Structure formats: C-alpha cells, structure tokens
Amino acid sequence: MPFQPVILWTDALVYLLLVLAAGMLWYTRGHEHLMQPWRRVAGSRTAQAALVVLSSYLVIGLLDTLHFHPRTGDREAADVVYSTEVSSLFDVIAGPLRTQREKTYSAPFAIHLFSKETIEKADGTTVRDYPRLAYGGAHLDAHGTGRLADILGKALAGAVKWALAWSLLLVLLCRFSRARILRLLGGRMRNPWHVAAWSALLLMGVFGALWEMAGYYHVLGTDKVGEDVFFQSLKSIRTGLIIGTLTTLVMLPAAILLGIMAGYFRGWVDDLIQYLYTTLNSIPGVLLIAAAVLMMQIYMSNHADDFNSLTERADLRLLFLCLILGVTSWTSLCRLLRGEALKLRDLEYVQAARAFGVGHFRILLRHVLPNVMHIVLIAVVLDFSGLVLAEAVLSYISIGVDPATNSWGNMINGARLELAREPVVWWSLLAAFGFMFTLVLAANLVSDVVRDALDPRLRQ
Amino acid sequence: MNPSEPAMNDRSADTASLLTLDGLATHLGSATQPVRAVDGVSLQIRRGETFVLLGESGCGKSMIALSIMRLLPHSGRIVAGDILLDGQSLRALSEAEMRSERGGRVGMIFQEPMTSLNPVMTVGEQVAEAVRLHDQRNRHRVDERVVELFRSVGIPDPQRRVHEYPHQLSGGMKQRVMIAMALGGRPDLLIADEPTTALDVTIQAQVLDLLKQLQRETGMAILLITHDLGVVAEMADRVGVMYAGQLLEINDVAGFFARPAHPYSRKLFRSVPKAEKRDQGLDVIPGMVPALNQPFDHCRFADRCELVEQRCRTQLPPWRGAAESGYRCHLDPDEVKDLGSRVPAAPRTAQGAGEALLDVRQLKVHFPVHKGVLRRVAGFVKAVDGVDLSIPSGSTVALVGESGCGKTTVGKAILQLHRPTAGQVLFDGTDLAHVAGAELRRLRREFQIIFQDPASSMNPRMLVEDIIAEGLVAQRIGGNRAQRRSLVERLLEQVGMPAGAADRYPHEFSGGQRQRIAVARALAVQPRLIVCDEPTSALDVSVQAQVLNLLKELQLELGLSYLFITHNISVVAYLAHEVAVMYLGRIVEYGEVGQVLREPLHPYTRALLSAVPVPDPGHRRAVIKLEGDMPSPVDPPSGCHFHPRCPDAMAVCRERYPQVSEIGPVRRVACWLTVPGQQRQTGS
Amino acid sequence: MTAYIIRRLLYALPILIGVNAFTFVLFFVVNSPDDMARMHLGGKRVTDQAIQGWKEEHGYAKPLLINRERQGSDMFTETILFEKSLRLFLFDFGQSDSGRDISHDISQRMWPSLAIALPTLLVGLAVNITFALLLAFFRATYLDLWGVVICVAMMSISSLFYIIGGQFLVGKLLNLVPISGYDTGVHAWKFMILPVIVAVIGGIGSGTRWYRTLFLEEIHRDYVRSARAKGLSEQRVLFRHVLRNAMIPILTGVVVVLPLLFIGSLLTESFFGIPGLGSYTIDAINNQDFAIVRAMVFLGAVLYILGLLLTDISYTMVDPRVRLD
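Owing to the predicted nature of the structure, the values given are computational and were not obtained by experimental measurement. (Residues numbered from 1 in each chain as written. Chains lettered and ligands numbered in written order. Predicted model: local features only at pLDDT ≥ 70, side-chain atom pairs only at ≥ 80, totals over all residues. Heavy atoms only, no water.)

All right, on to the interface of chain C and chain A then. On the chain A side, the residues contacting the 47 residues of chain C number 50 residues. When chain C packs against chain A, close to 4000 Å² is buried across both sides, 73% of that on carbon and sulfur atoms. In this structure, the connection of chain C to chain A is made through one salt bridge. A salt bridge links Arg209(C) to Asp448(A); the shortest N-O distance between them is 2.6 Å. Across the chain C-chain A interface, the total number found is seven residue pairs in polar contact (both at pLDDT 80 or more). The element best represented in the side of chain C that touches chain A is helix α14 (residues 290-318) of chain C, accounting for nine residues. Taken together, the residues of the side of chain C that touches chain A sort by class into 30 nonpolar, eleven polar and six charged. (Contact = heavy atoms within 4.5 Å. Buried area = accessible area lost by both parts, 1.4 Å probe. Salt bridge = Lys/Arg side-chain N within 4 Å of Asp/Glu carboxyl O. Polar contact = N/O pair within 3.5 Å; in protein donor to acceptor, adjacent residues only side chain to side chain. Helix = DSSP H or I, 4+ residues; strand = E, 2+ residues; numbered from the N terminus. Nonpolar A, V, L, I, M, F, W, Y, C, P; charged D, E, K, R; others polar.)

This brings us to the confidence of the model for chain B. Residue and element names in this part refer to chain B. In the predicted model, chain B carries a mean pLDDT of 88, and the fraction of residues at 70 or more is 93%. Taken as a whole, residues 1-15 scores under 50 in pLDDT and shows 23 contacts with residues more than four places along the chain or in a different chain. Here residues 680-684 is a poorly scored stretch, pLDDT under 50, and it has two contacts once near neighbours within four places are set aside; other chains count. On the interface metric, ipTM, the complex scores 0.88, and its pTM is 0.88. (pLDDT = per-residue confidence, 0-100.)

Attention shifts here to the domain arrangement of chain B. Residue and element names in this part refer to chain B. According to the domain assignment, chain B contains domain 1 (1-105 + 188-200 + 218-345), domain 2 (111-186) and domain 3 (356-369 + 378-615 + 622-678). Each partner contributes residues to the interface: domain 1 has 14 residues there, and domain 2 has eleven residues. With both sides pooled, the region where domain 1 packs onto domain 2 buries about 880 Å², and carbon together with sulfur makes up 60% of that total. Between domain 1 and domain 2 we count four residue pairs in polar contact (both at pLDDT 80 or more) in total. A breakdown of the residues in the side of domain 1 that touches domain 2 according to their chemical character gives five nonpolar, four polar and five charged. (Domains from an automatic or database assignment.)

A word on the environment of Val473(B). Inspection of the secondary structure puts Val473(B) in helix α16 (residues 464-474). Between the alpha carbons of Val473(B) and Val525(B) there is a distance of 9.6 Å; along the sequence they are 52 residues apart. Apart from residues no more than four positions distant in its own chain, Val473(B) is found in contact with Arg362(A) and Arg484(B).

Strands in a sheet are paired, the pairing made by backbone hydrogen bonds, and the direction either parallel or antiparallel. Residue and element names in this part refer to chain B. What the eight strands build is an open sheet, ordered β18-β19-β20-β15-β21-β22-β24-β23; its pairing is mixed. Edge strands, defined here as strands with exactly one partner in the open sheet, are β18 (447-450) and β23 (660-663). Between one strand and the next, the sheet's axes are offset by a mean angle of 20°, whatever the strand orientation. As judged from the five bridges shared by strand β19 (residues 529-533) and strand β20 (residues 561-566), these two strands associate in the parallel manner. Bridge pairing in β20 places Asp533 opposite Ile565. Each of β15 (396-400), β19, β20 and β21 (578-583) touches helix α14 (residues 407-414); the most contacted strand, β20, lies at about 150° to it. Where helix α19 (residues 541-558) meets the sheet, it contacts β15, β18 and β20, and its direction lies at approximately 155° from that of β20. (Pairing = 2+ DSSP bridges. Axes fitted to C-alpha atoms, helices over the stretch in contact; angles between N-to-C directions.)

Below you can see the structure in the form of structure tokens.
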C-alpha cells in the first residue's frame with residue numbers, strides 16, 4: 001500500500017458526526033412532519049446560496065480529514081516504511097501549494113520577496129535588492145514581463161475548467177434530462193434550486209481561477225516563514241469546522257439529558273442540575289477555558305512522551321479545546337431545555353401517558369425528547385458561527401488550538417504584529433478574516449432560516 | 001354589483017344606520033391564494049341597537065370587527081366593499097384620520113382581558129390615554145374623568161384601583177377596565193369581540209348586564225360578536241349569522257329564535273344540548289366548514305345541508321328578503337321548514353344506578369406555599385379541601401364550578417396524577433391513594449381521562465395509531481403489532497372515524513375529530529371510569545353535539561361511568577345523572593341532576609344557574625348577582641367559604657363552615673339555610 | 001425583600017464552594033505543584049532542589065489537604081487547600097507567582113477596566129436600542145430587511161477584525177488618537193474613545209438584531225392591539241407600550257453584566273494597552289501565573305452571582321408583576 005491510514009481522534013468524531021447526520025436524514029425522510037421545516041429551508045433563496053458556500057467548506061474540510069502516513073523510501077525496498085508524518089488527502093491534492101515555500105513574506109501575486117536582501121550576483125558583487133521568489137511566478141522571465149496578462153489568462157482558464165466541471169455535475173444531478181436542466185436553471189422548480197446552481201457556478205468559477213493561479217503564484221502571498229497563505233487559509237477550514245461542530249456534539253448529550261430531566265422530574269433532581277449549571281456558568285467562560293487550557297498545556301509538556309507525533313498532540317489539543325468549549329456552552333441549552341420540559345410535563349398528552357402508566361423513561365423518550373428536538377437543532381446551528389469566531393479569539397490570546405495547527409486564529413495571531421511594518425503586511429490578516437467571514441456569514445444566514453423554519457412561535 | 005345582494009344603493013338606508021358594511025371582503029395571506037376570511041358581507045347597525053354577529057370559530061366574525069377598526073393582522077387587507085360610519089367611508093380615511101375614529105367614535109373590547117392590557121402600566125393610565133386622545137371636554141380633568149369611567153363600569157373603590165396594575169385585578173375587573181377604556185372616547189359604536197368567552201358564567205352575567213346598562217345610559221350601538229346562542233338571546237336586538245366568511249341570515253332576535261330562516265341556523269338550535277333532549281341524540285351538522293382559500297361558485301353550506309338540492313351545488317344562493325331581515329339560500333321559507341323531519345339517532349340516557357364504582361372520601365389536595373429565608377412551608381393552596389363523591393357504575397356524575405374551584409384537581413387526584421394530601425379514593429374497593437409503583441400502573445387501565453383541549457392532548461409528533469396504542473403498550477395488552485393495529489382500527493370505527501386515520505398525524509384532523517381520537521385512546525385499555533375534563537369546552541356547539549352523542553352511546557353500550565367536569569350547565573342537564581357543585585375546593589351541593597337544576601338549594605348554585613344565559617329571548621330570568629370574585633384558596637374566608645358573596649348570609653355563616661344536611665337519598669347541601677334549626681332563625 | 005436577599009446570598013455560598021472545588025481540582029490535582037514548578041523553571045532538566053525551592057518561595061510546599069506534620073487546627077490551615085483556595089472566601093488573594101500582591105493589583109486595575117467597559121455598555125445600549133426601534137418601526141419594509149442583513153453581516157465579522165481594523169484606520173492611517181495606552185485624569189478620554197467606539201461598533205450587529213426581536217415579539221401581543229384600538233399613533237404605541245415592556249428583558253440583561261464590568265474586556269484591554277483587569281488576566285495567562293488566574297476565576301464567579309442577585313432585584317423595580325418574597 002502506498003499509504004497507511006490514520007484516524008485521529010477528531011477524525012473519528014467527525015465520522016461519527018457524519019453517521020449521526022446521515023441517520024437523522026434517513027429518519028427525517030420517513031416522517032413528513034419532520035421534513036416540513038426542511039422543505040421551508042429548501043424554499044429559501046438565502047439558504048440555498050448559503051448552503052452552497054457551507055458545503056464547499058465542508059468538502060475541503062472533509063478532504064482534509066482523511067489522514068494517512070505516506071510511504072517513504074524507495075518503492076523497491078522490501079520492507080514497507082511509512083513516514084511518521086501525517087498527511088491528508090487535501091495535502092496531496094494541494095501538492096505544490098504545500099511544498100513550494102518561499103523564504104519569507106511576499107505579497108499576493110508577487111514575484112519578488114517582500115524585503116530586501118543582500119544578493120550575490122554572478123560576478124561576485126553583492127547588491128541589496130528584492131530577490132526573486134523561488135516558485136511565485138518562476139515561469140516568467142527575469143523582469144516578469146506579461147505578468148498581468150498571464151494572471152488573467154490563468155484565471156480565465158481555471159474558471160472555464162471549473163465551469164465545465166460544474167456543468168458536468170449539473171448534467172449528472174439532472175440525470176441527463178435536458179428538460180430538467182432547463183427547468184432547474186430557469187428557476188421553474190418548486191424550490192429555488194436555480195439559486196443554488198448559479199451560486200455554485202459562481203463559487204466554482206472563482207475557486208477554479210484561484211486554484212489555477214495558485215499553481216503559478218502565491219495568490220494570497222506568503223507568510224513569515226514563506227508558507228503560502230492561500231494554502232494556510234484552506235487548511236484552517238477543517239479546524240474551524242471541527243470547533244464549530246464537535247463542540248456542540250460533545251456537549252449535546254449532557255445538555256439534553258440533564259435539561260429534560262431537570263424540567264421533567266423537578267424536585268431534587270432539578271435542584272442538583274440547576275446547581276451544577278449555575279456553578280459552571282458563574283465562572284466567566286474565558287477564564288474557565290484559560291485555566292483548563294493552561295493546565296492541559298502543562299500536562300502535555302510534562303507528558304510529552306505519551307504522544308507519537310506533533311500532529312497527534314495538536315489533534316488532542318484541538319479535541320480538548322472542543323471539550324472545554326462544550327463545558328462552557330452546554331449550560332444555556334440545558335437551561336432552555338429545562339424550561340421547555342417544565343412546560344411539556346404539564347401538557348395534556350404527557351398527563352395522558354402518565355394516566356396509562358407509561359414509565360418516566362419512555363415518556364422522556366417518546367413525548368419530551370421529540371418535542372424539544374427543534375430547540376436542540378436551533379441551538380446547534382446558532383452556536384456554530386459563535387464557536388468559529390471564538391476559536392480565532394482564543395487562539396489569539398494563546399489559549400486556543402496548538403500553534404502547530406492551521407487555524408485562522410493562529411494566522412491572525414502571527415500576522416497582527418506585522419501591521420506595524422512599513423509597508424504593511426496585510427494579506428495574512430485579510431485572508432484569515434475573509435475566509436472566516438464567508439463561513440460565519442453563510443452559517444448565520446442558514447441558521448436564521450433554520451430557526452424560522454423550526455420555531456413554531458415565529459410562524460404566524 | 002350582484003343583484004341578489006341586499007340592496008345597499010338606497011342612500012336613505014345609509015343615513016338611518018350608524019354603521020353600514022357594504023359588500024365587505026377581507027383577505028388574509030398571500031395574494032395568489034388568499035384566505036377569504038370575509039367574503040362580501042353587508043349589514044347595517046342602527047343607532048343605539050345591539051347587533052350580534054353569531055358564528056362558530058373561524059367563520060370570519062372577528063375579522064369583520066378588525067376590518068372596521070383597521071386593525072387587521074399584517075397579512076390581512078380589505079379587498080372590496082365599503083365601511084360607512086354615519087355615512088362616511090372609513091376606507092377613504094387616511095391613517096391619521098382613522099386614528100381619531102378608532103377609540104373615538106368606534107371603541108372595541110377584546111376576548112382576552114388577561115392579555116389585552118399593558119402589564120407594566122397602571123390601568124388608570126391606560127384609560128387616561130383614551131380620554132386624552134378623544135375626549136376634548138375632559139382634557140383638563142383627565143384623572144377625574146378616569147375615576148368617573150371606572151365608577152360607571154362598576155369597579156369598586158375607583159380612586160385606589162386607577163393606580164393598580166392589571167395583574168392585581170381579576171379577569172372580570174380587567175374586562176371592565178377594557179370597557180372603561182373603550183368608553184373613554186365616548187363611542188357611538190362599541191365593538192365587543194367575544195367579551196365574555198374567557199370569563200366565568202357569573203362574571204359573564206355581570207359584564208353583559210353592564211354592557212346593557214351602559215347602552216341605556218349612553219345610547220351607543222353595540223356590535224357584539226359571540227358563538228353563544230344564550231348570549232344572543234340575552235343581548236341582541238338583531239342578529240346576523242356568519243358561516244364561512246358570509247352572512248347566511250339577518251333577523252331580529254324574536255324572529256330568529258321563533259323562526260330561524262336558514263337551514264344552518266335551524267341546525268344550530270337543534271344541536272344545543274338541553275334537559276328536554278336527554279332521551280334523544282343531539283342533532284349534528286355532519287362534515288366540516290369548507291376551506292376558505294378557494295372562490296365559491298355554489299352554496300358554501302351545501303355539503304353539510306340536509307336539504308341540499310342540485311342547484312345548491314351549482315349556483316350561488318340568492319339573498320332572500322330585505323337587507324335588515326333575510327337569508328341567503330336557494331330554498332323558500334316553507335321548504336326550509338321540512339328540516340328535521342328526519343329523526344337523528346337517539347341514544348337514550350343510560351339508567352345509572354349500579355353499585356358505587358368509585359367512592360371518594362374526604363379527598364384533599366393541598367399545594368404547599370413556601371416563604372421566608374429557608375423556604376419553609378408557610379401555607380397551603382387548598383385546591384381540594386375535603387370532597388366526598390361517589391360514582392355508580394354506568395352513570396355520569398357531573399362536577400360543576402367556576403374556574404379555580406378545584407374541579408380539575410379533583411379529577412386528576414382521582415386518577416393519581418396529583419397524589420392526594422389526605423382522604424381516600426376507593427376504586428372498586430381499592431384505595432388508590434395508597435397504592436403506588438407497579439400496582440398502580442396495573443390499575444391505571446381501569447380509569448382514563450379525556451382532556452379539554454384537543455390540540456394539546458395528543459403528541460404532535462406521533463401517528464394516531466401510536467397515540468391510541470400507547471395505553472395498550474404501556475399496559476402490555478393487545479398482543480403483537482398486527483393485533484394492536486386491528487384493535488386500533490376497531491376503536492377508530494367505534495368512535496366513528498375511518499380506519500385510515502391511524503396513519504395520519506393529529507394536526508390533520510379538526511377539533512371534533514381529534515376529540516373522538518382522544519376518546520378512542522381512552523377506550524383502548526377498556527376502562528370502567530373515564531374522567532372527562534371539559535371535553536367539549538373548546539369545541540363549537542355543532543361539534544360538541546357529536547362528541548356528546550358519542551359519549552352517551554358509549555356509556556349505553558359499554559356501561560362506562562363518567563366523571564364529567566364542566567362549567568357548562570346545559571351539557572350537565574343533557575348528559576349527567578347526578579351533579580356536584582363545587583366552590584373553593586368543596587362540594588356545596590350534590591344531588592340528582594333534575595332536582596338540583598330545577599330547585600337549587602344552595603345560594604351559590606342558585607346564583608350560578610341564574611347566571612347562565614338561556615337561548616330564548618322570551619325567557620327573562622332574574623339574575624342573582626354575586627358580589628366580587630371567588631376568594632383565593634390559600635386563605636379561604638372563615639366559616640362558610642361563600643358567605644362574603646352570599647346574598648343570604650347570616651351571622652353563623654361567618655363563624656362556622658356549615659354542616660352537610662342530607663335531603664333525600666342522594667341530595668346533600670352544605671349550607672346553614674338548610675340546617676333545620678338555622679332556617680327557623682332566618683325566618684324569624 | 002430583605003429575607004429574599006439573605007436567602008440568595010446563602011444560596012451563593014454553595015455555588016462559590018463549587019467554583020472553588022472545581023478550580024482546586026483543576027489547578028492542584030490535575031497537575032501537581034511539582035509539575036507547575038518544573039514548567040516555570042523551564043523544561044525537564046530541573047533539579048529536585050530547584051523545584052523545592054520554587055515551591056517554598058511561592059507557598060506551594062505544603063500538602064494538599066491535610067498536613068500531618070502539624071497539630072490541631074494547623075493540620076488543616078497549613079495546607080494548599082486552605083492557603084490557596086479557602087482564603088479566597090475572605091477575598092485574600094495572596095501573592096501572584098511573580099510575587100506581587102494580587103489584591104492590591106486588582107484594586108488598582110479595576111478602575112481603568114470600568115472606565116472603558118461602562119461607557120461601552122451605555123453607548124452600545126443607546127445605539128442598539130435606537131437602531132432596533134428604527135427597524136421595528138419600519139418592520140417588513142426594505143429598510144428593515146436590509147437592516148437585518150447588515151446586522152447579520154456585522155455579527156459575522158470577527159471582533160479581532162474590528163479591533164485591528166479600528167486601530168489601523170483611526171490610529172495609524174488617520175492618526176487621530178493614540179493607538180494604545182492609558183492615562184488618568186482629563187486626558188483619559190483620548191485613550192478611551194477608540195476602544196469604546198470599536199467595541200460599540202463590534203456589538204451593533206448582534207445587539208440590534210436581538211433587541212429588534214424583542215420589540216417585534218412585544219408588538220404582536222394583545223395589549224398592543226388594545227393600544228391601537230384606542231387610536232394611539234404608531235410612535236406612541238412603540239414608545240409608550242412596546243418599549244416599556246421590551247425594556248424589561250433588556251434592562252435585566254444589562255444588570256446581570258454590571259458587576260462584571262469591573263473585570264473589563266480581555267481583548268479590548270490587551271489590544272489598546274489599558275491597564276485594567278482584562279489585560280491583567282491576559283498577561284497572567286501568557287505568563288502562566290496561576291495564582292492570578294485562580295483569583296480572577298473566583299472574583300468572576302462572585303461578580304456573576306452578584307449580577308444575578310441584582311437582576312432579580314431590578315425585576316421588582318421595572319416589572320410591577322414581580323415581587324420577591
């Protein structure tokens with residue numbers, strides 16, 4: 001085998017999440033009343049466009065989740081040796097983006113470094129000048145003539161390539177029916193699928209152009225150690241998605257169980273659970289996270305031998321961050337569910353079930369849980385964007401993800417001091433903010449639509 | 001204009017009337033598929049008269065009121081017709097001009113006094129707002145005027161009350177404040193949208209009385225919206241019957257009650273439960289109100305009408321008669337008279353006189369009230385405070401009382417949904433109050449419950465099959481899945497529902513159908529006792545008839561016993577064998593239903609019965625007015641709980657709770673008046 | 001009322017004990033003081049002596065729960081639990097790991113925090129309510145629609161961007177006010193204005209949208225319909241009826257954070273160089289000074305509980321329906 005698969009902790013949880021989501025989808029499809037809110041979501045143009053953006057992030061994140069040890073050494077060797085380094089499928093696809101490192105900063109589309117260096121010329125003399133980049137625009141001549149035309153040409157080529165891919169996808173999805181394609185693009189379907197289709201075209205076109213150009217230039221520049229910023233931004237997607245989703249996943253069981261138990265049983269159960277979340281809630285979240293992360297850092301540095309590789313260590317730290325963020329964020333959902341369960345327990349269908357002698361556990365499972373699920377779902381989508389933003393802030397105050405992990409927070413943290421430089425190094429910052437903003441905006445728009453669709457109170 | 005519409009071109013008729021609706025049409029929702037909530041309504045209201053709009057829920061009667069006031073919900077709009085107030089078109093007014101009419105010449109009060117007042121503003125200030133806006137003469141003496149208004153709507157101690165907040169007032173008082181607010185602008189027309197529906201019957205009597213009195217004093221016209229034929233008889237000069245967005249009939253009240261013209265009106269009368277109908281089934285209107293999101297090209301009542309003919313299904317019916325009195329139907333008056341020759345299925349009232357199935361003795365349910373630093377129990381809400389009750393097998397005992405008297409708590413305590421604080425609940429000899437766990441769970445199949453609100457009594461996320469089978473599963477009866485399924489289908493059939501209903505969700509059914517499903521759910525475990533907690537209060541009268549018929553048939557067929565908890569006296573008269581009247585956690589009078597309703601002995605029973613509006617305008621009853629509201633069950637009055645409101649209170653009533661005097665085999669009254677020694681004292 | 005306050009204060013005790021127990025486990029059980037010493041002294045090749053010395057110096061050279069070398073009550077007081085954890089209940093925060101008096105630092109640094117956080121809160125409240133009222137007044141029009149879209153866009157932007165962008169734009173490009181620093185007295189405003197503006201702008205998106213939801217929720221209530229039926233104008237309905245009711249959740253939401261204003265904002269303070277408790281905490285985190293972090297956790301919990309109590313009391317003042325007993 002040319003590789004040896006690796007499943008990191010977060011990978012495993014992502015797979016679990018996918019299985020759960022697929023299971024929920026399957027279950028929902030069988031129940032008309034569960035489908036209805038999602039039909040309303042599908043009927044929203046905003047949601048269609050935003051979901052396309054979200055799924056493009058998701059695809060990149062998932063590609064970056066398939067991890068393995070690549071094989072090293074020469075192919076002829078008898079015993080197979082795998083590298084200790086962990087790569088992902090995305091790394092392979094990105095190929096040159098990852099490996100083509102410059103020396104230090106360079107601006108987007110630049111062919112020279114950002115700072116002057118002493119260059120030794122062929123004749124032995126030295127000059128202070130901006131040296132040429134090793135990879136960025138290396139195919140151009142010494143003066144970089146025709147750079148603009150080249151860039152535009154590459155962009156166009158990329159856009160066209162990906163637009164072709166888009167049309168192929170469209171034909172496949174419409175099952176080779178011309179009428180269906182026309183109906184879809186013309187917006188004559190029951191749901192505004194044409195919004196999704198056209199935004200996919202736009203997105204794929206833009207991405208295609210960037211991707212094509214990235215083969216020849218550093219489209220978003222390079223950072224202090226010469227790494228491609230575009231690559232970093234794409235790698236950070238996985239971190240953002242993990243924080244946004246796994247955090248909710250780890251806190252959900254506790255929040256749901258404790259919340260509905262407190263509301264349904266009242267009495268001492270309620271008192272105990274309320275005490276638990278008031279106590280946790282009373283510790284300011286940032287401080288709790290700070291304390292926990294600091295403790296973990298010490299633990300990890302004192303038990304460095306327990307980790308096979310840096311990647312594994314960074315991954316565990318990411319998981320731990322999700323856990324601790326989960327601990328600080330389950331309380332509000334728990335309180336919400338408690339309130340709802342309090343209302344539900346006095347509802348007549350719950351009373352009727354009790355009159356039949358239905359057991360408490362069964363009542364919780366059949367009557368309470370299904371009727372609070374919409375709140376849970378709303379909380380999950382609402383929390384997502386907040387968590388993505390929180391990651392950046394936490395990484396900035398160095399209690400976030402491991403410095404070795406690619407994340408927008410780390411990019412910002414690394415770049416903020418360079419604002420003081422003259423001229424300003426702005427691309428890392430803007431790239432990180434831009435990618436983050438796109439994701440969070442899309443998530444916010446979707447969550448708005450989902451909330452409106454799921455919350456019966458808002459429907460009038 | 002459609003020539004068959006009532007003639008509105010006559011301008012002289014306009015000037016004579018205060019309010020004229022001319023072909024009013026109001027749509028809700030999207031423009032492409034609007035809900036035609038009001039679909040061409042024309043009527044006239046004269047100065048000083050009371051015009052009642054009668055109709056069942058969803059018929060568009062409230063939308064008429066909101067259209068007049070231009071207070072429609074966001075998706076609502078008037079699409080056609082005109083609203084003339086004193087000859088002036090309200091539709092032509094700008095929003096600013098409309099504001100001076102709203103609350104000025106036209107005042108309005110709403111159904112829910114509990115939520116219709118701003119909770120963080122004193123009631124005096126809320127009334128003062130109306131005075132400041134519309135009453136030029138009293139601008140400089142707003143405070144005095146507000147107190148005057150409070151006094152005129154019968155709020156005791158007005159100087160103090162104006163400074164109180166809504167939550168400090170009872171429901172009846174809040175509705176009086178709403179009326180004062182509407183009167184603040186000295187309206188020519190008062191629109192009252194179901195003003196007493198949320199109130200208890202004794203409070204309803206007070207408020208209706210007040211409206212009549214205010215009308216006499218101010219000469220204003222009233223547009224009263226109601227679903228209650230009794231209220232119509234009580235209040236109306238003229239009445240309009242609404243159905244599916246249209247007026248089906250306009251009549252003066254005497255004519256309406258003597259000779260209702262439209263088949264629908266006639267059916268309505270026949271579906272009202274009465275004591276006289278005890279031994280027959282109630283007339284029901286089959287089917288459902290048609291959906292209003294379609295235009296009609298035929299009579300919209302045709303599908304439910306017994307007298308339906310071919311033309312009813314193909315042509316729009318004409319308006320027969322004059323604008324101020326007529327009806328919308330294809331049939332001539334003498335053709336309509338044929339209605340009712342067909343005798344409805346006639347379930348008799350079962351002869352309930354078996355052994356006592358349930359025997360409740362000195363039942364108490366107290367809820368603790370916590371106070372102080374350590375949340376010590378400082379007192380109890382004595383929701384149920386010593387109730388004796390016995391239900392023979394195969395008969396119906398009604399538990400009657402106003403909201404907050406503890407009747408629902410009695411029901412739940414019998415079912416052990418609330419555990420009793422004290423007393424015994426003997427079911428077939430077993431004291432339910434002292435069994436728990438698996439034994440209680442096993443016993444639960446013997447007694448079931450049907451709730452008031454069909455909307456919330458079924459889990460919206462469960463299929464009807466699972467809802468009905470829930471008891472079977474919990475009680476481990478009914479065999480395997482296939483056997484349960486056939487059982488469910490049989491039960492559905494038993495309550496008159498198609499077997500296919502099992503595969504649908506509760507929200508796909510109407511209120512009446514859902515209540516049938518609820519009955520089927522209760523029947524599934526073959527109980528011997530069913531507690532019916534206001535099972536028909538949320539239903540329209542024609543639908544109520546279906547459910548009452550069903551309950552009666554089932555009793556006859558299966559020998560069920562019912563504890564029927566209600567505030568509706570006419571249902572009691574129709575259905576029950578014995579009746580218990582509750583006041584503040586205790587039963588004040590108990591007896592055979594005919595006796596109690598004919599000659600009530602307890603002053604409270606007398607007042608309660610006298611307050612019920614009778615659907616007969618000729619019946620002028622003397623309402624025994626009760627002062628104030630029911631006291632709090634935390635701190636009941638000393639002696640007889642009823643004495644502060646009792647017109648016949650004596651000295652002894654303030655000191656001791658009356659002993660129960662037994663009159664006849666089942667009749668019991670807890671009143672000093674019926675204690676032989678005491679009665680003499682009052683006589684002297 | 002008094003009884004209620006007393007009861008609430010008594011309730012606060014178990015919560016604070018819980019907080020303390022939690023931090024004790026986190027700071028002393030997950031990692032032993034030896035681990036901490038080793039980390040502070042740097043790396044693994046540290047002699048036991050050095051560790052012992054560091055622990056002595058910082059007062060960690062005691063047993064965790066029970067000191068068996070001592071007699072009587074000293075058995076319990078001469079322990080880390082007592083010295084480092086229970087003393088917090090007396091607001092005795094002790095010394096930081098770098099040897100400074102924490103209580104003194106806190107009393108010095110809370111005022112600059114407050115000087116930034118309070119104006120931020122008040123200005124933000126005024127701005128958000130104004131915008132939200134505007135959107136509610138023009139509800140279901142294009143103004144409202146685009147207003148909400150802008151709000152969603154603004155709340156999708158990272159707070160770091162507001163700070164970095166604001167600093168860059170106002171401080172560096174326009175050179176209007178100093179980028180960072182702090183001064184007491186009259187010149188303080190120069191240093192305050194930028195952080196306050198940046199923080200307010202950063203909060204507009206979520207704040208305005210949240211308040212708009214509250215207003216709209218109230219607008220659909222029955223009493224608003226009654227107010228309209230009286231003939232009140234839309235403005236009066238909005239200001240006299242809707243605003244007054246919606247202010248209840250708004251105000252109580254504000255009151256709960258009032259005590260926490262003393263702690264200030266971590267990000268704002270560290271970016272703008274405000275010598276407040278927020279930057280104090282950040283510095284402590286960066287220097288891994290656990291004594292300060294512990295103290296701040298406790299202080300935060302106390303202030304939060306105080307905030308809850310104030311919220312309940314403020315309810316009785318703004319909502320006539322609520323009475324405490």
